[in-house]
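Descriptive structure summary
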Amino acid sequence: MPDYIQDPELLSQLNGSGAPAKTRNPQEFAKVYGPEAQRAAEKLGVDPSVVLGQWGLETGWGKSIIPGTNNLGNIKDFSGGGTAATDNMTGSRDKYRAYATPEAAADDYADLISRKYKGAVGAKTPEEFAQALKA
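Residues numbered from 1 in each chain as written. Predicted model: local features only at pLDDT ≥ 70, side-chain atom pairs only at ≥ 80, totals over all residues. Heavy atoms only, no water.

Remarks on the packing of aromatic side chains
For any pair of aromatic rings, the description rests on two quantities: the centre-to-centre distance and the angle between the ring planes. Note the cut-off: Aromatic rings from Phe, Tyr and Trp, with only the six-membered ring used for Trp, were paired whenever their centres fell within 6.5 Å, and each pair was classed as stacked if the ring planes differed by under 30 degrees, edge-to-face if by over 60, and tilted otherwise. Segments assigned H or I by DSSP are reported as helices when at least four residues long, segments assigned E as strands when at least two residues long, and all are numbered from the N terminus. Buried, partly exposed and exposed residues are distinguished by accessible area as a fraction of the type maximum, computed with a 1.4 Å probe on protein chains only: under 20%, between the cut-offs, and over 50%, respectively.
Under the counting rule described, the total for this entry stands at three aromatic pairs. Centroid distance Phe29 to Tyr33: 5.1 Å. Interplanar angle 55°. Geometry classified as tilted. Within this pair, Phe29 and its partner Tyr33 are both found in helix H2 (residues 26–44), separated by four residues, close to a single helical turn. By the burial criterion, Phe29 is buried, and Tyr33 matches it.

Remarks on the layout of surface pockets
Note the threshold: As defined here, a cavity is a set of points on a 1 Å grid over the protein atoms alone where a 1.4 Å probe fits but cannot get out. A pocket is an open set with protein on both sides within 12 Å along at least five of seven lines, and residues line them when an atom is within 4 Å of a point. Grid points are joined across faces, edges and corners, and a volume is the space filled by probe spheres set on the points.
Taken as a whole, the largest pocket holds about 610 Å³ of empty space. As for the largest pocket, its lining consists of 26 residues, of which Glu58, Gly73, Asn74, Ile75 and Lys76 are closest to the centre. Ranked by residues supplied to the lining of the largest pocket, first place goes to helix H3 (residues 48–59) with five residues.

As for the nonpolar core
Using the following cut-off: Here, the term nonpolar core denotes a set of buried Ala, Val, Leu, Ile, Met, Phe, Trp, Tyr and Cys residues that are joined through side-chain atoms within 4.5 Å. By the convention used here, residues are in contact when the closest approach between their heavy atoms is within 4.5 Å.
In this structure, Ala40, Leu44, Val46, Val51, Trp55, Tyr109 and Phe129 are the most contacted members of the largest nonpolar core, which totals 26 residues. Elements with a contribution of two residues or more to this core: H2, H3, helix H4 (102–116) and helix H5 (126–134). At seven residues, the largest contribution of residues to this core is made by H4. Each residue touching Phe129, except ones within four places of it in the same chain, is listed here: Val46, Val50, Gln54, Tyr109, Ile113, Ala120 and Ala123.

Things to note about the pairing of strand E2 (residues 93–96)
Two faces, one strand: in a regular strand the side chains alternate between the faces of the sheet. Applicable threshold: DSSP-based pairing: two strands are paired if at least 2 bridges between them are found.
Alternating positions in E2 separate cleanly, Asp94 and Tyr96 being buried on one face and Arg93 and Lys95 remaining unburied on the opposite face. As judged from the four bridges shared by strand E1 (residues 83–86) and E2, these two strands associate in the antiparallel manner. What sits directly across from Thr83, in E2, is Tyr96. Connecting E1 to the next strand, E2, in antiparallel fashion are six residues, including Gly91 with a positive phi near 80°.

What about H3?
Using the following cut-off: In this analysis, the expected span of each helix is defined as 1.5 Å times one less than the number of residues it contains.
With 12 residues, H3 should cover 16 Å at 1.5 Å per step; its first-to-last C-alpha distance of 16 Å lies within 8% of that length. All of the buried residues along H3 are Val50, Val51, Leu52, Gln54, Trp55, Gly56 and Thr59. Against the buried residues of H3 lie H2, H4 and H5. Positive backbone phi, approximately 60°, marks Gly60, located one or two places after H3.

Comments concerning unusual backbone geometry
Even without being a glycine, Trp61 presents a positive backbone phi close to 55°. Accessibility expressed as a relative area gives 24% for Trp61, which makes it partly exposed. Notably, Asn74 is not glycine yet its phi reads approximately 50°, a positive angle. Structurally, the position occupied by Asn74 is in the loop between H3 and E1. Using a relative accessible area of 14% as the deciding quantity, one classes Asn74 as buried.

Shape is all these values report; function is a separate question.
Below, the structure written as structure tokens:
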């Protein structure tokens, strides 16, 4: 069973509350989500700045985290559950994973990268990490 929330009733409760802190720039984003990035980075064997950088790019440095989801990477939910939102890049209406806490989001992110992007695990540089994700 995945660590992210699939129960529609619980999702509706979360969507009305627990919105992440809004950040205005990379420094604030790092201050707010640094502990979660450290958590994921330790599991992946990479520098935390690499994780923060990806999360920052995925969420506009925290401006586009779907309220109530704690989804730091804006990870889509292909199971049919999740929270509906419009993708800012494509305009498509998609479902996104929702997490009870930012820590749960960090854990699921690390698990996802470990499963699907094995070359990113232990990457020595940001470029190596990005190339592994792209491949």
